[in-house]
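Observations on the three-dimensional arrangement
Residues per chain are reported as follows:
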Amino acid sequence: VLLTLKWYNFLYTFCSLNIWLLGSGSIMVVHNEFTTAGKEPGLKIWRIEHMDLKPVPKNLYGNFYTGDAYLLLYTTSLPSYNIHMWLGEECSQDESGACAILCTQLDNYLGGYPVQYREVQCNESLTFQGYFKSGIKYQKGGIASGFRHVVTNDANVKYVLHVKGRRTIRATEVEFSWASFNQGDCFIIDLGKDIYQWHGKQCNMFEKTQALNMSRKIRDGERNGRATVHVVEEGEEPQALGPKTAISPPIPDSDTVETANKNKAALYMISDASGSMKTACVAQSNPFKQEMLIPEECFILDNGVDNNVFVWKGPKANEAERKAAMTAAQEFIKEKNYSNKTQIQVLPAGGETTLFKQFFKNWMDKDQTKGPTKPFTIGRIAHVQQIPFDASTLHSNHAMAAQHKMVDDGSGKIQIWRVEEGARVPVEPASYGQFYGGDCYIILYTYKQGSREQHIIYTWQGLKCTQDELAASAFLTVQLDDSMGGEPVQVRVTQGQEPPHLMSLFKKKPMIVHLGGTSRTGGQTKAGSTRLYHIRSSTTHATRAVEVGRASSQSLNSNDVFVLKTPNSLFVWRGIGASEEEVATSKHVVTFLGGSPVDVVEGKEPATFWTALGGKKEYQSSKSLQKMIKAPRLFGCSNKTGRLVVEEVPGDFGQVDLATDDVMLLDVGDQIFLWVGSQANEVEKTGAPKIAKEYVDTDPSGRSGIPITTIKQGAEPPIFTGWFHAWDVCMWEKSPLENI
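Our subject in this report is the structure included herewith. (Residues numbered from 1 in each chain as written. Predicted model: local features only at pLDDT ≥ 70, side-chain atom pairs only at ≥ 80, totals over all residues. Heavy atoms only, no water.)

1. Some remarks on the overall build of the protein
Looking only at helices and strands, the protein features 15 helices and 38 strands. Buried positions account for 55% of the 740 residues belonging to the protein. Within the protein, contacts between residues separated by at least 24 positions form 67% of all contacts whose residues are at least 6 apart in sequence. Carbon and sulfur atoms make up 52% of the accessible area of the protein, which amounts to about 31900 Å² in all. (Helix = DSSP H or I, 4+ residues; strand = E, 2+ residues; numbered from the N terminus. Buried < 20%, exposed > 50% of the residue type's maximum accessible area, 1.4 Å probe, protein only. Contact = heavy atoms within 4.5 Å. Areas by Shrake-Rupley, 256 points an atom, 1.4 Å probe, with all protein chains shown as cover.)

Laid out in structure tokens, this is it:
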């Protein structure tokens, strides 16, 4: 009977396949789901169900079941591709096998160009983590076990999530009992219509803020805004949660870091000359020479002592070796008796990640092009190149290209309303793209996915809007969602944290964010006499102009464009490293502000320009900005668990990622910054500089002797703030939790 069922499942899956006869005479099997794969930029996720692929609804992205396997494809606009095979801890062998086969199919369909990752629950790569900035959620169950899966708007749920993580939020389902709780962490009790976020008495502010992001994600994604989030402190539990028993003390993390294992690697050649895959050692220790990677062969780089194994596919290697790359890596892990949580990366030539390249001395990339903060391209493989470094865990982190959920290119239909006196008031299409800090807006975006219309509702909330407007915006969003049958995906956006997709909706116009005021007739606040707008393009080439809080020359940045408006003059200042997209955006800002602009090039400013900014002062003009092709990286140093640990912030980072109770480490290539939060403890303050020094001294790329600058919260110089878009000097006047 079992054999019959397996054959039935196989035949069912076979019916979902297309079989293509290639010009070479070989046959390529393509699943129906793959026929549209890679056609549009953004993330696609499938779950393995009965040996077949089923797409996951976008509003449930980031939710994973421990008994399931998933396949993910991330496509950039170039295009380039990342394929991730994610395996839950309780995933069956059949499902993991099916996922591996489908992963190979997808790689073949995309011409062998993707970088492939094998991800294991709780041990995901930073690239994977970067797709889910609001957190990753693990729930019990799976297809094979017959357990339930998430149903949108399901009010009959009842479970507890244990929330951990300061840079990447991981919420894991635990037993529905007070025995699961402890005083050092945050927990989410999901009862459908009510979501309770419980804080242990020893939780800190940053952890509470991160957990609240997860609670809001559940409310907005799984309930479409139809649930209420309640924040509960230990000792103040409502009756709805039942009688409370004694709460356990904080549980320290059990992870240990063995520094001696970092950067230990060996290089093996893969061969099928004998009829079966064999490996032969090429070099027993790193650093390796790039010339060792022969184009006609495939290689395994073994960093298994640090839970990493890489397969490099030579461009001229035979087809059997290239197709069997992932399988060869899995067999290699078994032979070496490595942990089943070992991460695997399969890399085509030209698609090498920074984590891989760090093991080679003086790695050289082909056809590298230069430009400020711009990626370079090799064939159809694109990267944002970054400096590899190490202190404890740092070198083993994969350098991140920006990862964005771009559902399309923003060319769909858009409608915008302003929240006014508890109602939705249409905004004039001529002013689409302009947002005022004293307002809340509701944006309905409609686009086609295949033959079906899809909808996203963005709720944009200004930092200076009233509490009544905040409440009304949430209510009106749910009302609009209800009127559309509950189908739209809801995204709540706080001023200054706009996602790239929202920024791309205004066709050829940029997004302009005004500091305060309102777009209502006779606005509630008067604009300042001197106004400064900071223009910067994102990694998706969408640009945003943000009004700076204080018009000062210290806000300038050599890498960007600024528009300065005074009662008597209008200047457009272009930094040496500014892009053409940013210059084009300045014209829209000038049109809005009115007047005849004076174009100013950095280094040739007239005296009147400096006078308008209160005098010439130091600003971010680092030479690394002008020639940089390597993206900066941000790390947090924390001893919350009782030992000092360092974690990289995944995805694009911003000022909001600077944890006030930690020491943060910012690497910009030719300089290291240590930012000391106002609530950081003495262990973090004294330990972080030692980590920074070790981190530079052990960098495989050979950096040494570069300056390490320590900066305290509230006294940040322009050379630091310039790495953050539209730095807000008022951000910490209220706690991050209060702001949310």
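Further notes follow.
2. Looking at the sheet that holds strand β37 (residues 672-676)
The pairing of strands in a sheet comes from backbone hydrogen bonds and takes either a parallel or an antiparallel form. Strand order across the open sheet formed by five strands is β35-β34-β36-β37-β38, with mixed pairing between neighbours. Of all the strands in the sheet, the pair left with one neighbour each is β35 (645-648) and β38 (708-712). Mean inter-strand twist for the sheet, computed between neighbouring axes without regard to direction, equals 25°. With five bridges connecting them, strand β36 (residues 663-667) and β37 associate as antiparallel partners. Looking at β37, one finds that Asp667 is bridged to Ile672. Packed onto the sheet, helix α13 (residues 682-697) meets β34 (633-638), β35, β36, β37 and β38 and runs at close to 165° relative to β37. (Pairing = 2+ DSSP bridges. Axes fitted to C-alpha atoms, helices over the stretch in contact; angles between N-to-C directions.)

3. A few points about the packing of aromatic side chains
Scanning the model with the defined rule gives 39 aromatic pairs in all. Judged by centre distance (4.5 Å) and plane angle (25°), the rings of Phe181 and Phe187 are stacked. An identical accessibility class is assigned to Phe181 and Phe187; each is buried. An angle of 65° between the planes, with centres 5.9 Å apart, marks the rings of Phe562 and Trp573 as edge-to-face. On the criterion of sequence distance, the pair formed by Phe562 in strand β31 (residues 561-565) and Trp573 in strand β32 (residues 570-574) is long-range, its members being 11 residues apart. Of the two residues examined, Phe562 and Trp573, each falls in the buried class. Site record: aromatic cluster; members linked through ring pairs are Phe64, Tyr70, Tyr74, Trp86, Phe128, Tyr131, Phe132 and Tyr138. Over the aromatic face of Trp417 sits the side chain of Arg424, whose NZ or CZ is 4.6 Å from the ring centroid. (Phe/Tyr/Trp six-rings, centres within 6.5 Å; stacked < 30°, edge-to-face > 60°. Lys NZ or Arg CZ within 6 Å of the ring centre and 35° of its normal.)

4. Remarks on helix α6 (residues 325-335)
All buried positions along α6 are accounted for by Ala325, Met326, Ala328, Ala329, Phe332 and Ile333. The arc enclosing the buried residues of α6, seen along the axis, measures out at 160°, which places them on a common side. Away from its buried face, by an angle of more than 90 degrees, α6 presents the exposed residues Lys334 and Glu335. The positive-phi residue at the C-terminal boundary of α6 is Asn337, with phi of around 60°. (Arc of directions from axis to C-beta.)

5. Digging into the pattern of salt bridges
One side chain can pair with another of opposite charge once the charged atoms of both are near each other. Counted by the stated rule, this structure contains 21 salt bridges. Among the salt bridges present, the one from Arg633 reaches Glu648, with a minimum N-O distance of 2.8 Å. Here Arg633, found in strand β34, pairs with Glu648, found in strand β35; they are 15 residues apart in sequence, far enough to count as distant. When sorted by exposure, Arg633 lands in the same class as Glu648, which is buried. Within the structure, one salt-bridge network assembled from shared partners comprises Lys137, Asp190, Glu222 and Arg223. (Salt bridge = Lys/Arg side-chain N within 4 Å of Asp/Glu carboxyl O.)

6. Things to note about the nonpolar core
If you look at the biggest cluster of nonpolar residues, it comprises 38 residues, and the most contacted ones within it are Phe34, Trp46, Leu71, Leu73 and Leu106. Looking at this core element by element, the count peaks at seven residues for helix α2 (residues 93-109). Dropping the residues within four chain positions of it, Phe34 is found in contact with Trp46, Leu53, Leu71, Leu102, Gln105, Leu106 and Tyr109. If you look at the next biggest cluster of nonpolar residues, it comprises 23 residues, including Ile416, Trp460, Val493 and Leu505. (Core = buried A, V, L, I, M, F, W, Y, C linked by side-chain atoms within 4.5 Å.)

7. Quick look at the sheet that holds strand β13 (residues 194-199)
Sheet architecture is open: seven strands sit in the order β5-β9-β11-β10-β12-β13-β14, paired in mixed fashion. A strand with exactly one partner marks an edge of an open sheet, and here the two such strands are β5 (63-65) and β14 (228-233). Taken over all neighbouring pairs, the strand axes of this sheet differ in orientation by 25° on average, direction set aside. Two strands pair when backbone bridges link them, and strand β10 (residues 159-164) and strand β11 (residues 170-174) are joined in this way by five bridges, in the antiparallel orientation. Within β11, the position partnered with Val163 by the bridge is Ala171.

8. Comments concerning helix α10 (residues 580-593)
For α10, which comprises 14 residues, the first-to-last C-alpha distance of 20 Å matches the rise-based estimate of 20 Å (1.5 Å per residue) to within 8%. When α10 is considered as a whole, its buried residues turn out to be Glu582, Val583, Thr585, Ser586, Val589, Val590 and Leu593. One face of α10 carries all of its buried residues, which in axial projection span an arc of 155°. Residues of α10 that are exposed and point over 90 degrees away from its buried face: Glu580, Lys587 and Thr591. Looking at the buried positions of α10, the neighbouring elements they touch are β28 (511-514), β29 (531-537), β30 (543-547), β31 and β32. Just downstream of α10, Gly594 is the residue with a positive phi angle, here 80°. (Expected span 1.5 Å × (residues − 1).)

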